[in-house]
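Next come the chains, spelled out residue by residue.
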Amino acid sequence: MIPYGKQEITQQDIDAVVDVLHSDFLTQGPQVPVFEKSLTDFTGAKHALAVNSATSALHIACLALGLGDGDVLWTTPITFVASANCGLYCGSKVDFVDIDPTTYNLCPTKLEKKLIAAKANGQLPKIVVPVHLCGQSCDMKAIYALGKEYNFKIIEDASHAIGGRYHDKPIGLCEYSDITVFSFHPVKIVTTAEGGAALTNSDILAEKMALYRSHGITRDPSKMVGVSHGGWYYQQVELGYNYRMTDLQAALGVSQMKRLGRFVASRHCLAQRYNKLLEGLPVVTPFQLKNTYSGLHLYVIRLKLDEISKSHEQVFNELRENGIGVNLHYIPVHSQPYYQNKGFKLGDFPESERYYQEAISLPMFHIMTEEQQSTVVSILKAVLGSVK
Ligand SMILES: *Cc1c(COP(=O)(O)O)cnc(C)c1O
């Protein structure tokens, strides 16, 4: 099976992890700050907090922004469930904004319409979570301008987008957001096995997220209530979690970050080659916005079903049966049973639902060979078969 995503682990990566195993610290040692520095160096953000997953990063980001009971968080239906669940973790309500039919990202025009209606109902969101689907940035300038006008905070879910750029600046810089989140799961671009990070330019948000990452405990006497009892003393000043990244993971991340530029460049070569090879087939290839450079975590095509004699499901299953590890990103979150039980219905976000009926993620990973890619395309051609 040619997988849809796969990590690259080199001897240097392995040596970096083994070095940590031989060291004094498996966790809470020197590698986590080194990894965090590699993230701030790369993106230009002031602070990076490494955590054990992007899901945890989204949670502490929401907590730091003060999301709670009675508040509302909005995101896109076309994302992994974690982008929405982080709002529920904080006891807030979650709602969605439908996607743009060209980029499949949260649509700023629909966002504005929904904000106008929400203002009239007195239910404006406290946080909006734009997701840079497949690695291509959302229209952050438009979303940021709406954030100023309607007074909401912004968390960029950039789980797909490390190494990407927006208006020629690195995604993660947080120029148009309060916090940006990355994922380092092995199918993503850079991996630490499990892992994530939250980046921000705000000293206050960084300090809060550091507390939530580690039990709400501080060892800094200046942050304590009253005076320290002595050198052993710490205080719990918030309800936090254990969301820490280990030094083993961070060392892998440091080693991987050195190759990030190459990872993304290689994905761009593959995407351009796909674009060429798929010409003339009854599929829509990914749209590339002018002012963005995608991280290209995913390469999603949409089937032109009115030109194909098979169903979406048939095409998908036949690709799998023929060794092509296609996937589908994503099942609209509002259609999940858990969210249906919260009152969402099919038909609520028609553009997302239409996308779901046509989308297929083709294999895309930086160590994919041209031979593997040619196999994907020739099997896809065969499966699409006699075009109507
Ligand atoms: C993968 C992913 C997450 C969750 O990442 P983890 O590191 O697995 O917690 C969140 N949002 C999006 C868009 C993702 O793709």
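Reference entry: report on the structure contained in this document. For clarity, every value in this text was computed on a predicted model and none was experimentally measured.

### Description of the packing of aromatic side chains
Enumeration according to the criterion identifies 13 aromatic pairs in this entry. Ring plane angle 55° and centroid distance 4.8 Å describe the contact between Tyr104 and Tyr355, whose orientation is recorded as tilted. On the criterion of sequence distance, the pair formed by Tyr104 in the loop between β3 (93–96) and α5 (108–121) and Tyr355 in helix α12 (residues 350–356) is long-range, its members being 251 residues apart. Neither residue differs from the other here; Tyr104 and Tyr355 are each classed as buried. Centroid distance Tyr339 to Phe344: 6.3 Å. Interplanar angle 45°. Geometry classified as tilted. Assessed through its relative accessible area of 2%, Tyr339 is described here as buried. An aromatic cluster is defined as three or more aromatic residues linked by ring pairs; in this entry it consists of Phe96, Tyr338, Tyr339, Phe344 and Phe349.

### Quick look at helix α9 (residues 260–277)
Taking 1.5 Å as the rise per residue, α9 with 18 residues should run 26 Å; its terminal C-alpha atoms sit 26 Å apart, in good agreement. For α9, every residue scored as buried is listed here: Leu260, Phe263, Val264, Arg267, His268, Leu270, Ala271 and Tyr274. One face of α9 carries all of its buried residues, which in axial projection span an arc of 165°. Seen from the open side of α9, the exposed residues pointing more than 90 degrees away from its buried face are Arg262, Cys269, Gln272 and Lys276.

### A few points about helix α10 (residues 312–321)
Every buried residue of α10 is listed here: His312, Val315, Phe316 and Leu319. Down the axis of α10, the buried set is contained in an arc of 100°. They therefore lie on one face. Turned more than 90 degrees away from the buried face of α10, the exposed residues are Glu313 and Glu321. Looking at the buried side of α10, the elements it contacts are β14 (299–303), α12, β15 (359–362) and α13 (370–384). In the segment just after α10, Gly323 is the residue with positive phi, at about 85°.

### Describing the sheet that holds β15
Strand order in this open sheet of three strands is β12-β14-β15, and the pairing throughout is antiparallel. If you trace the sheet from one side to the other, it starts and ends with β12 (283–284) and β15, each paired once. Where β14 lies against β15, four bridges are found, and the strand directions are antiparallel. Note that in β15 the partner of Val300 across the bridge is Ser361. Along the sheet face, α10 touches β14 and β15 and points at about 15° away from the line of β15.

### With respect to unusual backbone geometry
Along the chain, His329 connects to Tyr330 via a cis peptide bond; the corresponding omega equals 10°. Mapped onto the elements, Tyr330 comes out in the loop between α10 and α11 (337–340). Residue Asp168 is not a glycine yet carries a positive backbone phi of 60°. Along the polypeptide, Asp168 turns up in the loop between β6 (165–166) and β7 (169–170). Classification of Asp168 by relative accessible area gives exposed; the value is 61%.

Criteria and thresholds
- Residues numbered from 1 in each chain as written.
- Predicted model: local features only at pLDDT ≥ 70, side-chain atom pairs only at ≥ 80, totals over all residues.
- Heavy atoms only, no water.
- Phe/Tyr/Trp six-rings, centres within 6.5 Å; stacked < 30°, edge-to-face > 60°.
- Helix = DSSP H or I, 4+ residues; strand = E, 2+ residues; numbered from the N terminus.
- Buried < 20%, exposed > 50% of the residue type's maximum accessible area, 1.4 Å probe, protein only.
- Expected span 1.5 Å × (residues − 1).
- Arc of directions from axis to C-beta.
- Contact = heavy atoms within 4.5 Å.
- Pairing = 2+ DSSP bridges.
- Axes fitted to C-alpha atoms, helices over the stretch in contact; angles between N-to-C directions.

As far as function goes, none of this settles anything; it's purely spatial.
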